[in-house]
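Okay, here's what each chain looks like letter by letter:
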Amino acid sequence: MSATDPYVVTLAPHVHAFIQPDGGWCLNNAGFLGDGGETLLVDTAATERRALLLRDAVLDAGLALPRTIVTTHHHGDHTYGNGVFLPEARIIGHESCRSEQLAAGRQLHLLWPETDFGHVEIEPPHLTYSDRLTLYVGDTEVRVIHPGRAHTIGDSIVHLPRHGIVFTGDLVFNGGTPFVLMGSLAGSLRAFDLLRSLDAETVVPGHGRITDPSAYAPAERYLRWVRELAEEGRAKGDTPLETARRADLGEFADWPESERLVANLHRAYAELEGLPEGHPLDLATVFADLTVMNGGRPVACHA
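Let us look at the structure shown here. Remember, it's a predicted structure, so these values are computed and weren't measured experimentally.

### A look at the pattern of salt bridges
Phase 1 of the analysis: Enumeration over the complete set of coordinates arrives at seven salt bridges.
Phase 2 of the analysis: Put simply, Arg-196 and Glu-220 hold a salt bridge, and the shortest N to O gap is 2.7 Å. Here Arg-196 is found in helix 5 (residues 185-197), whereas its partner Glu-220 is found in helix 6 (residues 216-236), with 24 residues between them in sequence.
Phase 3 of the analysis: On the basis of relative accessibility, which here comes to 35%, the residue Arg-196 falls in the partly exposed class.
Phase 4 of the analysis: With relative accessibility at 5%, the residue Glu-220 sits in the buried group.
Phase 5 of the analysis: A salt bridge links Glu-251 to Arg-221; the nearest nitrogen and oxygen atoms lie 3.0 Å apart. Of this pair, Glu-251 sits in the loop between helix 7 (240-246) and helix 8 (260-272) while Arg-221 sits in helix 6, and the two are 30 residues apart along the sequence.

### What to know about the packing of helix 8 against helix 9 (residues 283-293)
Phase 1 of the analysis: Orientation of helix 8 relative to helix 9, taken along the N-to-C sense of each, is 145 degrees, at an axis distance of 8 Å. Where helix 8 crosses over helix 9, the two elements pack in a sense that is right-handed. Counting all contacts with helix 8, which are made through Arg-260, Val-262, Ala-263 and His-266, the residues of helix 9 involved are Thr-285, Val-286, Asp-289, Leu-290 and Met-293.
Phase 2 of the analysis: Residues belonging to the contact of helix 8 with helix 9 are distributed by class as follows: five nonpolar, two polar and two charged.

Parameters and conventions
Residues numbered from 1 in each chain as written. Predicted model: local features only at pLDDT ≥ 70, side-chain atom pairs only at ≥ 80, totals over all residues. Heavy atoms only, no water. Salt bridge = Lys/Arg side-chain N within 4 Å of Asp/Glu carboxyl O. Helix = DSSP H or I, 4+ residues; strand = E, 2+ residues; numbered from the N terminus. Buried < 20%, exposed > 50% of the residue type's maximum accessible area, 1.4 Å probe, protein only. Axes fitted to C-alpha atoms, helices over the stretch in contact; angles between N-to-C directions. Left-handed = near helix turned anticlockwise from the far one by under 90°. Contact = heavy atoms within 4.5 Å. Nonpolar A, V, L, I, M, F, W, Y, C, P; charged D, E, K, R; others polar.

Spelled out as C-alpha cells, the structure:
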C-alpha cells in the first residue's frame, strides 16, 4: 500500500470512512454505513477507478452495495463516481445540489483534460430536500442538514447523532486551504456554528484526515483573515490577485493549495460589493488567477 492509496477507518460498528490521501485537488473522502441488509453511502469519488475502490471497500466490510447515496455537494470529486452505484442506488442531495450538478456537467473534464476520469455520467440527486431530512439505516438515525450557502450553495452535512459522527463534506478541509469560490465566506463561518451545535466528537472532513471539532477554529481564523485582506485590498483599489500576491500567509503558509487564497478573495470581494451569497462568479477569470498564484502552472488534479 502506498501513501496515496485510499484506506478505510471504522468509526463505529458498521460505520466507516473512506479516506483518500493526500486530500488535495480531487482526492476527497467518502463514508458508508449499513446494517447488513441496507447500506448508505456518503459521496463517491472523482474517477471511475476510485469509485470502484470505494465499492470494493463497502463489500470488504461485509456490507451490501448501497441503495442510498447522500451527496454533500455537486463538485465532481464527490459525484463523478455516482454511476458506479446505479441503478441500484438512489441519490439524495439538497435541491441546489441537483441544479448545480446539472449546470456544471463535466466541469472537471474541462479543468483537467489530461486526467483519466474513466466512464462518467452526470448523475444528480433523484430525491432533493430544502432544509433537513432524516433517514434510517436499520436503527441508525442519519440526519441530512443543509447549512445554508457555504462551500457551495447546495451543501449537506451528514450527522449520526447516536454515534457522535459528522461527515462535513467540504465545509472542512483538515490541514488544507478552504475553498469558498462557489459558495459564501460569510455562510461558511455560520456553518461552523451549526457544526459545533451538533456536538459530534468525530469529524470526517471532505478532504484530509479524520479529526474532531478542534479543526473548526483554524478554518474560521483563515476565513476571517481572508475577509480582512479583502477589506484592505478593496479599500486600496487592488484586485483580488494583487491582494493575494502581496499577502503574508502567516500561520496558514504550510497548508496545501495555498493558491486558493485568490479564489476566496474573489468571493470575499463579491460579498463586500453586496452581491448575494453564492452569486455565480467568472470561473475562467478565477482559475486564470489560480494559475498565476500556482507559479504559472494550472492547479493539478491529484486523482
